[in-house]
Protein chains: 2
Amino acid sequence: MRGLGRETGYAHGVEPGLLLMGACRSFGIPEISVYGFTKDNTKRPAVQKQAFSAACIAFAEAALHQGAALLVIGDTASAQFPQELRPYCTRQGNGLKVNLLVNYGWEWDIEGLRLSGRLRSQEVPRLDLVMRWGGGRRLSGFLPIQSVYADFFVVEDYWPDFRLDHFHQAMRWYQRQDRTLGG
Amino acid sequence: MRGLGRETGYAHGVEPGLLLMGACRSFGIPEISVYGFTKDNTKRPAVQKQAFSAACIAFAEAALHQGAALLVIGDTASAQFPQELRPYCTRQGNGLKVNLLVNYGWEWDIEGLRLSGRLRSQEVPRLDLVMRWGGGRRLSGFLPIQSVYADFFVVEDYWPDFRLDHFHQAMRWYQRQDRTLGG
């Protein structure tokens, strides 16, 4: 992250998200899901927590401004959920569907199966591709049920160092994968 | 797979499993989970189905012979479940824990949450590492809940071409990963 502290880094994460949205639109991708922050992340120091909350709010507002059909998904019952994002917990608009996970947790998500027979993230369909920046080769709790058949593409660069070429590499790679969906 | 038909290939998959078990023992790994076949796989031609069922039975018997504490996990209520493996649906023995998924399905697994509040694979704990052979960069429905924090290591060679060096590469790689478990 170019030697920046984590709390400074988050603000640099908004612009890449908007660039990625534009690239998805130009490829005809109808829906993306973005990992904002998790319930586990909120155990970090307050200065970081404020920074990633603020970055999620800034991204949400800019995405709406660009015509995205935004849906925020996460545990709104907790004090860690930013009140500014409450209005977006119902999908609005007809543009690119952007699902933003905010104060999300995989345990919280699948607990819905026990309580109501449905995932709490039930509005998110099966994912084709999971892209991860920063070299980590794991899901880290990201939408485990929707990801069961997803192909994983890992970018070594960190997210604030996003380049459109990362996305283009992923698209080229994805087109070479066979999709069997478990068959 | 060296130009072999799929139905011939499965029989060549047993020996690699036994080699891998031995390597895990020598590294002090207490438990592994092996993807035998899935409920989706049983939609394949009968000749393949018989071949991968037979390979699972052969692996189970050889694993027991080597002192593994075997547990077979899968949908025993379906006709696709090999009756020979019924006795191993309760763990026996004190050696390396080997969980063999047979006629397994992720939907069948998480349906347990709805029906009883527990995964049907509840005896399998969180996974640290997922190794996949054959170049595919996806879980393909493998234990989605236990895999939420797992690191993925992909081997380009096919499983019947297993070499102990694949495992050693994965161990070296895994030791360089930081494990945050979502924090």
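Reading guide: rules and limits
- Sequence order sets the numbering: in each chain, residues are counted from 1 along the sequence as written.
- Written order determines the labels here, with chains lettered from A and ligands numbered from 1.
- Confidence filtering applies because this is a predicted model: local features only for residues at pLDDT of at least 70, side-chain atom pairs given and counted only at 80 or more, and all residues used for totals across whole chains, interfaces and linings.
- Side-chain measures were taken over the full set of non-hydrogen atoms in the model, leaving aside hydrogen atoms and water.
- Strand pairing requires that DSSP identify at least two bridges connecting the strands.
- Only DSSP runs of H or I reaching four residues or more are called helices, and only runs of E reaching two or more are called strands; each is numbered from the N terminus.
- Axis definition: a line fitted to C-alpha atoms, over the contacting stretch in the case of helices. Angles run 0 to 180 degrees between N-to-C directions.
- Here, residues are in contact when the closest pair of their heavy atoms is within 4.5 Å.
- Reported buried area values correspond to the accessible surface (1.4 Å probe) lost by two parts on association, with both partners' losses combined.
- Take a side-chain nitrogen of Lys or Arg and a carboxyl oxygen of Asp or Glu: if they are within 4 Å of each other, that pair is a salt bridge.
- Polar contact criterion, stated in full: a pair of N or O atoms within 3.5 Å, where within protein one must be able to donate a hydrogen and the other to accept it, and residues adjacent in sequence count only if both atoms are side-chain atoms.
- Residue polarity is assigned by list, with Asp, Glu, Lys and Arg as charged and Ala, Val, Leu, Ile, Met, Phe, Trp, Tyr, Cys and Pro as nonpolar; anything else, Gly included, falls into the polar class.

1. Points about the sheet that holds strand 3 (residues 97-104) of chain A
All names here are of chain A.
- Ordered in space as 1-3-2, the 3 strands form an open sheet in which the pairing is parallel. Sheet topology places strand 1 (31-38) and strand 2 (69-73) at the edges, where each strand pairs with a single neighbour. Direction aside, the axes of adjacent strands within the sheet are offset by 20° on average.
- When strand 2 meets strand 3, the two strands line up parallel, connected through 5 bridges. Bridge pairing in strand 3 links Val 72 to Leu 100.

2. Regarding the interface of chain B and chain A
- Contact with chain B, which involves 29 residues of that partner, is made by 29 residues of chain A.
- A buried area of about 2700 Å², summed over both sides, lies between chain B and chain A, and 55% of it is on carbon and sulfur atoms.
- Looking only at chain B, the three residues that lose the most surface to chain A are Arg 137, Arg 138 and Val 148 of chain B, adding up to 25% of its buried area.
- The salt bridge involving Asp 151 of chain A is made with Arg 138 of chain B; its shortest N-O contact spans 3.0 Å.
- Where chain B packs against chain A, one counts 16 residue pairs in polar contact (both at pLDDT 80 or more).
- Where the side of chain B that touches chain A is concerned, the elements lending two or more residues are helix 4 (106-116) and strand 5 (151-155) of chain B.
- In terms of residues, the side of chain B that touches chain A owes the most to one element, helix 4 of chain B, which gives 4 residues.
- Of the residues in the side of chain B that touches chain A, the class split is 12 nonpolar, 9 polar and 8 charged.

3. Let's talk about the sheet that holds strand 3 (residues 97-104) of chain B
Residues and elements named next belong to chain B.
- Across the sheet, 3 strands lie side by side as 1-3-2; this open sheet has parallel pairing. Each edge of the open sheet is held by one strand with a lone partner, namely strand 1 (31-38) and strand 2 (69-73). Adjacent strand axes in the sheet meet at a mean angle of 20° when their direction is disregarded.

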